[in-house]
Amino acid sequence: MIFSYDAGYGWIKALSPRGDRILFPSVVGEISANDSGMFSNGSQQIEVAGQSWFIGDSALQQSLLMVDMQNSDWVLSPQWRALLLYAISETTQKNKVEVEVVTGLPFGDFQNEELRKAFKASLIGSHKIQRPDRPKQNIIINEVKILTQNFGPIFKHLKLLQDAIVGVLNIGSHTVEMATVILSKHK
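Remember, predicted model here, so these are calculated numbers, not experimental data.

## Remarks on the overall build of the protein chain
Thinking step 1. In terms of helices and strands, the protein chain carries 4 helices and 12 strands.
Thinking step 2. The buried share among the 187 residues of the protein chain stands at 44%.
Thinking step 3. In the protein chain, the proportion of contacts linking residues at least 24 apart, taken out of those at least 6 apart, comes to 60%.
Thinking step 4. Counting only carbon and sulfur atoms, one obtains 52% of the accessible surface of the protein chain, whose full area is about 10500 Å².

## Regarding helix 2 (residues 78-89)
Thinking step 1. With 12 residues, helix 2 ought to run about 16 Å at 1.5 Å a step, and its terminal C-alpha atoms sit 16 Å apart, in line with that.
Thinking step 2. Judged by how many residues are buried, helix 2 sits mostly within the fold: 11 of 12 residues are covered.
Thinking step 3. Within helix 2 the residues assigned to the buried category are Gln79, Trp80, Arg81, Ala82, Leu83, Leu84, Leu85, Tyr86, Ala87, Ile88 and Ser89.

## Thoughts on the pattern of salt bridges
Between side chains of opposite charge, a pair can form when the charged atoms approach closely.
Thinking step 1. Scanning the model with the defined rule gives 7 salt bridges in all.
Thinking step 2. A salt bridge links Arg18 to Asp20, with the shortest nitrogen-to-oxygen separation between them at 2.5 Å.
Thinking step 3. Notably, a salt bridge pairs Lys120 with Glu143, separated by 3.1 Å at the nearest N-O pair. Placement of Lys120 in helix 4 (residues 113-123) and of Glu143 in strand 10 (residues 137-148) is noted, with a sequence separation of 23 residues between them.
Thinking step 4. The class of Lys120 is partly exposed, set by a relative accessible area of 32%.

## Here's the deal with the pairing of strand 5 (residues 45-48)
Thinking step 1. Where strand 5 and strand 6 (residues 51-55) come together, 4 bridges link them in antiparallel fashion. Across the sheet, residue Gln45 finds its bridge partner in strand 6, namely Phe54.
Thinking step 2. Hairpin connection between strand 5 and strand 6: a loop of 2 residues separates the two successive antiparallel strands, and Ala49 in this loop has a positive phi of roughly 50°.
Thinking step 3. As paired strands, strand 5 and strand 9 (residues 125-130) are joined by 2 bridges and run antiparallel to one another. Across the sheet, Glu47 pairs through a bridge with Gln130, a residue of strand 9.

## Remarks on the packing of helix 2 against helix 4
Thinking step 1. Two elements in contact, helix 2 and helix 4, have axes separated by 11 Å at closest approach and are oriented at 55°. Viewed along their axes, helix 2 and helix 4 adopt a mutual orientation that is oblique. Our pair here, helix 2 against helix 4, has a crossing hand that is right-handed. Across the interface between the two elements, Trp80, Arg81 and Leu84 from helix 2 touch Phe119, Ser122 and Leu123 from helix 4.

## Quick notes on the pairing of strand 1 (residues 2-7)
On a regular strand, each side chain points to the face opposite its neighbour's, so the side chains alternate between the two faces of the sheet.
Thinking step 1. By the alternation rule, side chains of strand 1 split into Phe3, Tyr5 and Ala7, which are all buried, and Ile2, Ser4 and Asp6, of which none is buried.
Thinking step 2. Pairing geometry for strand 1 and strand 8 (residues 96-105), over 4 bridges, is parallel. When the sheet's bridge partners are listed, Ile2 is paired in strand 8 with Glu100.
Thinking step 3. Where strand 1 lies against strand 2 (residues 11-15), 4 bridges are found, and the strand directions are antiparallel. If you follow Ala7 over to strand 2, its bridge partner there is Ile12.
Thinking step 4. Counting the residues between successive antiparallel strands, the hairpin from strand 1 to strand 2 contains 3 residues.

Reading guide: rules and limits
Residues numbered from 1 in each chain as written. Predicted model: local features only at pLDDT ≥ 70, side-chain atom pairs only at ≥ 80, totals over all residues. Heavy atoms only, no water. Helix = DSSP H or I, 4+ residues; strand = E, 2+ residues; numbered from the N terminus. Buried < 20%, exposed > 50% of the residue type's maximum accessible area, 1.4 Å probe, protein only. Contact = heavy atoms within 4.5 Å. Areas by Shrake-Rupley, 256 points an atom, 1.4 Å probe, with all protein chains shown as cover. Expected span 1.5 Å × (residues − 1). Salt bridge = Lys/Arg side-chain N within 4 Å of Asp/Glu carboxyl O. Pairing = 2+ DSSP bridges. Axes fitted to C-alpha atoms, helices over the stretch in contact; angles between N-to-C directions. Parallel < 35°, antiparallel > 145°, perpendicular 65-115°, else oblique. Left-handed = near helix turned anticlockwise from the far one by under 90°.

Right, dumping it as structure tokens:
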């Protein structure tokens, strides 16, 4: 399964191959394993590697300690992975899921090769998760493709039948990026 994922500083936006659209705030809230059963009724919650997290609106409503880091290291955190794994689990309840993740980094972060390598390495492999009232899942991330976040909209225009200059203005919650790409028609 190819899973398109944009983890902005304000919102998580994702798209599954079937066209499932996922949208929720980019916020993770900590809860202790002892309290997780008390809040499981209808809440956005996930357990990854023995740590339970509230996700999105549930984190905003129910957590005393929330994490919404807004720096380059955010993508290497267990909280960022919890957001990604939660989004993937929103599209399937299969026990074993093999995924290729297509995601982006802000242009400044994308230029940091060490960060890109560490980011990819932190995601590749098997991730066992549990969500309330659902079977356990093993999400296996086989591949991670990383683009600059501002290139996503350009792919809509790649099949143009004429030469074109495409400009993109990506206005995020805390970032603004611009790009211009010259496309040539396929002959």
